[in-house]
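# Fold and contact review
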Amino acid sequence: MIKTSYAFDPAILTVGSSLKTNALLRFRADIPESPRRDLNLSLVIDRSGSMAGAPLFHALRAAESVVDQLEANDILSVVVYDDAVDTVVPPQPVTNKSALKNALRRVHAGGITNLSGGWLKGCEYVKQKLDPQKINRVLLLTDGHANMGIQDPKILTATAGQKAEEGVITTTLGFAQGFNEDLLIGMARAASGNFYFIQSVDEASEVFSIELDSLRAVVGQNLKVTLELANGVNLVDILSLAKVSQNQQGQSVITLGELYEGEDKLLGLSLEVSAAKVGELPLMKLHYSADVVQNNVIQRVSGITDVIAKVGTVEESAFAASSDILLDLSRLTIAKAKETALDLAEHGKHQEAEKILRSLIEELRNKGLNENFEIAEEIDQLEYFASRIAQRTLGNAGRKELLDQTYQAMNRTRTDLVGRGVTAGDEIYAMPTVNDVGSGVELQCVREGGKLRVKVLSDGYDTTKNVQFPRAIRAEGARYVVQGVELSTDGSFYRVTGQINRLTKPGEADIFVAPRQSRSVSTGKASKGPASAADLPTTDTVNDGILVQCVKDGSKLRARVVSDGYEPDWNMRFPRSVREEGMLYVVDEVKTGPDGKSYIACGEIKRFVQPNTTN
C-alpha cells in the first residue's frame, strides 16, 4: 500500500477570507524491505569528436563501473554514437564482465552527434527485453548538441514521453559544458526519469553509481495524484517536479513518477482559500495510484485521502509550530524560485528575477532557517545567482548549475544531489591576498560529491565541520584567511566573521593569479601539411583547438569539423597529404571560406591520439 500524510505552513490557517497556504503532501510505499529488482539497462554513450580525450575516457570508465555493479540476472546493452550508431554490447545477461569491459575499451571518439539515432537504438534494445518486473531504463550520456538525425527538441521530448508510456524510461546525463540542458531535462521530465549534470569529467563514475543506487531502490512507479478540490479552494502553483494534465472533470492530474525505498515522494502545493471559519476545513480529496512491488510482483494500488486543514484565530496561527515541514517546503520553494527567476531573466526581466531571489533570502532568514546548514548553503546559492542575474553574468555554467539544482531539489529528497555546483567565478581572482595566516583562521575550499565545501585548517577547530562561506569566491584548492569563525546555534557548522582574504604563501605557486586577457594571434593562413599523416605532431587533448575528422565521401576523402558549433556537412580546405580515412586532427583555427559554405583549416595541424582507456 501507499502511506500518505500532509501538513501546512502555517500549521493552523488564520480565520478570514482570501487565505494563502502551502501544503506538503508525502507519499511512501509502505512495504516490507523488498529484494533488489533486476535491471534491463541500455547505456547510450556519445563518442562524437567533442568527447575526444578525457571526457570519453572517463565516460567509458564510468560504464565499466556500471558493469562491475550489475549481476547475472541483469540485462545490459551498450550503444555508442557519433554520426554513426554502433552496438558495442547487444542486449545480454551480465555473465562475462571481462568481455563486456574489453568491448568498451575498444571505443574511440569519432564524428558529429547523432543523439537521436543512438538513443532510439538504446530504447529499441530495452524494448526487446522489456519485463514489467524489471527496471527498464536507458541511460543517455552526451556532451554536445544533437546536430544530426532528429534534432528538434520538441520531437525528442515528446518521443521520450511516448517511450515511457511503452515502459521504457530515459535518464539523461549531461557531460561538461557543451550539452543542451533544456533538451536533456525536457526528455527526462517527459519520461519521468532522472537528469544529472556531470560537471567534472572525473565524477562520471560517481554519478553513474548514484543512478544505479536509485534504480535498485525503486519500489513503485507511475505515481499519479488527482486533486479533487473543495469549493472555494484554488490551486495556485505546484512546487514539485511533475507532469500535470487535466481529466474530464477539469481536475489536476499530477504524475510524480517513481517511489524509492525509504524515501518520501514530496508534493508541494500553493493553495488559495476564499474563506474559512474556525474549526476543521476540508480542502481536497487526493486520489492516488501507483504500480508497487507487493509479494515480489508489481501490482496496481490506489487510494483516497481527505486533506483537512485546521483553522484558528490569529494568535493560534502565529504560535502554531510548522517546523516539521519547514525545511522540506523551503527546499521546494527555493527550487521553484530559482526556476522562476531564470525564466524571468531569459525574458529580459533581470531586476524582477533578482528581486524574487533576494526576497526569498530575507524570508528564509526571518524564519531563522539560516541556522540550518543546508538552508544556509541555499541562501549562499541564492545570493550567488541573484548577483549573477543582476550583472547579466550567469553564463553557460551558471545556467546549468541553476537548472540542475532546481531539478534535483524538486524531484528527489537525496541531500547528495541538492546544491551541486563547482564552477569558480572571476571573483576569486579579484580577492585581496595575504601571505601569512597571522592571528586569523585558515580555511580551504575542497570539492566533495559535486559541491564546493569550505573547511577549517587551523588548529583548535573541528576540521570535519563545514563552513558557511560566500559561494561567489569558492574555488577548488583555494585557501583563505578570515578574522574568525563561530559555531552555528546548533553547533553543526561554522560561520565566517570579519574580513576574508585569499592566502598565497611565499614560495608556493598561486593558481589563482588573474588570467591574462591575451588572445592568440590569428595568422589567417591556410594550414600546410607534411609529406604524410605519420609526420604530424601528436596530441591527446583538444584544449582550445578544433577537432577535424577525415571521412569517406563517395570516392573522395573529405575533412569535416566535428567540434560543436560548426556545420558538420561543410567541406574543408585541408592538406591532402595528411588525409587518412577516420583519422582525427586538432587544428589551431577554422575560417569560413569565401563562398560562405565551406571551411579552411588554419595554423598548425596535429594528429589526435586517443588516450589509452586500459591504463
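Look a little higher up for the structure.
Summary of the structure given here.

Reading guide: rules and limits
Residues numbered from 1 in each chain as written. Predicted model: local features only at pLDDT ≥ 70, side-chain atom pairs only at ≥ 80, totals over all residues. Heavy atoms only, no water. Helix = DSSP H or I, 4+ residues; strand = E, 2+ residues; numbered from the N terminus. Rg over C-alpha atoms; globule rule 2.2 N^0.38 Å. Buried < 20%, exposed > 50% of the residue type's maximum accessible area, 1.4 Å probe, protein only. Contact = heavy atoms within 4.5 Å. Lys, Arg positive; Asp, Glu negative; His and termini not counted. Charge placed at Lys NZ, Arg CZ, Asp CG, Glu CD. 1 Å grid on protein atoms, 1.4 Å probe; cavity = no way out; pocket = protein on both sides within 12 Å on 5 of 7 lines; lining within 4 Å. Points joined across faces, edges and corners; volume = space filled by probe spheres on them. Nonpolar A, V, L, I, M, F, W, Y, C, P; charged D, E, K, R; others polar. Pairing = 2+ DSSP bridges. Axes fitted to C-alpha atoms, helices over the stretch in contact; angles between N-to-C directions. Core = buried A, V, L, I, M, F, W, Y, C linked by side-chain atoms within 4.5 Å. Polar contact = N/O pair within 3.5 Å; in protein donor to acceptor, adjacent residues only side chain to side chain. Phe/Tyr/Trp six-rings, centres within 6.5 Å; stacked < 30°, edge-to-face > 60°. Lys NZ or Arg CZ within 6 Å of the ring centre and 35° of its normal. Salt bridge = Lys/Arg side-chain N within 4 Å of Asp/Glu carboxyl O.

### Brief notes about the overall build of the protein
- Per the secondary structure count, the protein includes 12 helices and 28 strands.
- The C-alpha atoms of the protein give a radius of gyration of 27 Å, which matches the 25 Å a tight globule of 615 residues would have.
- Overall, the protein is about 90 × 65 × 50 Å in size when its C-alpha atoms are taken along their principal axes.
- Expressed as a percentage of the 615 residues in the protein, the buried residues total 53%.
- Nonlocal contacts in the protein, meaning residues at least 24 apart in sequence, comprise 72% of its contacts between residues at least 6 apart.
- For the protein, the separation between the mean place of its 69 positive charges and that of its 80 negative charges on side chains is 5 Å.

### Let's talk about empty space enclosed by the protein
- The full count for this structure, using the stated rule, is one cavity of 30 Å³ or more.
- Roughly 140 Å³ of internal volume is contained in the largest cavity.
- In this structure, the largest cavity is lined by 16 residues; those nearest its centre are Ser192, Gly193, Leu241, Leu256 and Asn411.
- Those elements that place two or more of their residues in the lining of the largest cavity are helix H5 (181-191), strand E13 (252-260) and helix H11 (395-411).
- Per element, the largest residue contribution to the lining of the largest cavity is five residues, and it comes from E13.
- Along the lines of polarity and charge, the residues of the lining of the largest cavity split into six nonpolar, six polar and four charged.

### Details of the sheet that holds strand E11 (residues 233-238)
- What the four strands build is an open sheet, ordered E1-E3-E14-E11; its pairing is antiparallel. Both outer strands of the open sheet, strand E1 (2-9) and E11, are each paired with one neighbouring strand and no more. Between one strand and the next, the sheet's axes are offset by a mean angle of 30°, whatever the strand orientation.
- Note that strand E3 (residues 16-29) and strand E14 (residues 265-276) share 11 bridges and pair antiparallel. Among the inter-strand pairings, Leu25 is bridged to a residue of E14, identified as Leu267.

### A word on the nonpolar core
- Formed by 54 residues in total, the largest nonpolar core has its most connected members in Trp119, Phe195, Leu357 and Leu364.
- Among the elements that make up this core, the one with the highest residue count is helix H8 (residues 323-345) (eight residues).
- Within the second largest apolar cluster, 48 residues are counted, among which are Val67, Val107, Ile135 and Leu547.

### As for the pairing of strand E22 (residues 494-503)
- As paired strands, strand E17 (residues 433-434) and E22 are joined by two bridges and run parallel to one another. Counterpart to Thr433 in the pairing with E22 is Arg502.
- Direction of pairing for strand E20 (residues 467-468) relative to E22: parallel, over a ladder of two bridges. Residue pairing in the sheet places Val467 in a bridge with Tyr494 of E22.
- In this structure, strand E21 (residues 479-487) lies alongside E22, joined through seven bridges in antiparallel fashion. From the neighbouring strand, Val485 faces E22, where its bridge partner is Val496.
- Here E21 hands over to E22 after six residues, with Gly491 in that stretch at a positive phi of 75°.

### Some remarks on unusual backbone geometry
- Put simply, Asp9 and Pro10 share a cis peptide bond, and its omega is 5°.
- Structurally, the position occupied by Pro10 is in the loop between E1 and strand E2 (12-14).
- Within the chain, Ser192 stands out as a residue other than glycine whose phi angle is a positive 55°.
- Its place among the elements puts Ser192 in the loop between H5 and strand E9 (195-198).
- Even without a glycine there, the phi angle at Asn222 is positive, about 55°.
- Counting through the fold element by element, Asn222 comes out in strand E10 (residues 218-229).
- When its relative accessible area of 37% is taken as the criterion, Asn222 is described as partly exposed.

### What about the environment of Asp416?
- Structurally, Asp416 can be placed in the loop between H11 and helix H12 (427-430).
- Filtering out sequence-adjacent residues up to four positions away, Asp416 remains in contact with Ile210, Gly449 and Lys451.
- Reaching out from Asp416, the side chain makes a polar contact with the side chain of Arg414 at a distance of 2.6 Å.

### Topic: the side chain of Lys134
- Summarising the element assignment, Lys134 is placed in the loop between helix H3 (115-128) and strand E7 (135-142).
- In this view, Lys134 contacts Arg37, Asp38, Leu39, Asn40, Asn73 and Ile75; residues no more than four positions away in its chain are not counted.

### Points about the packing of aromatic side chains
- Under the counting rule described, the total for this entry stands at 12 aromatic pairs.
- With a centroid separation of 5.7 Å and an interplanar angle of 75°, the aromatic rings of Phe195 and Tyr407 are classed as edge-to-face. Remark: Tyr407 occurs in helix H11 and Phe195 occurs in strand E9; sequence separation between them is 212 residues.
- Relative accessible area serves as the criterion here: at 1%, Phe195 is assigned to the buried category.
- We classify Tyr407 as buried; its relative accessible area is 3%.
- Among the aromatic residues, those joined into a cluster by ring pairs are Phe179, Phe195, Phe197 and Tyr407.
- Its guanidinium or amino end placed over the ring of Tyr260, Arg412 lies 3.7 Å from that ring's centre, counting from NZ or CZ.
- Taking the ring centre of Tyr384 as reference, the NZ or CZ of Arg471 above it sits at 4.6 Å.

### A closer look at the pattern of salt bridges
- Counted under the stated rule, the structure contains 46 salt bridges.
- Of the charged contacts in the structure, one is a salt bridge between Lys134 and Asp131, with a shortest N-O distance of 3.9 Å.
- Here Asp131 falls in the partly exposed class, since its relative accessible area comes to 25%.
- Arg399 is paired through a salt bridge with Glu181; the nearest N and O atoms lie 2.8 Å apart. Of this pair, Arg399 sits in helix H11 while Glu181 sits in helix H5, placing them 218 residues apart in sequence. Across this residue pair, the class does not change: Arg399 and Glu181 are buried.
- If you follow the salt bridges from partner to partner, you end up with Arg26, Arg28, Asp264, Asp328, Arg331 and Glu374 in one network.

All we've got here are geometric facts, nothing functional implied.
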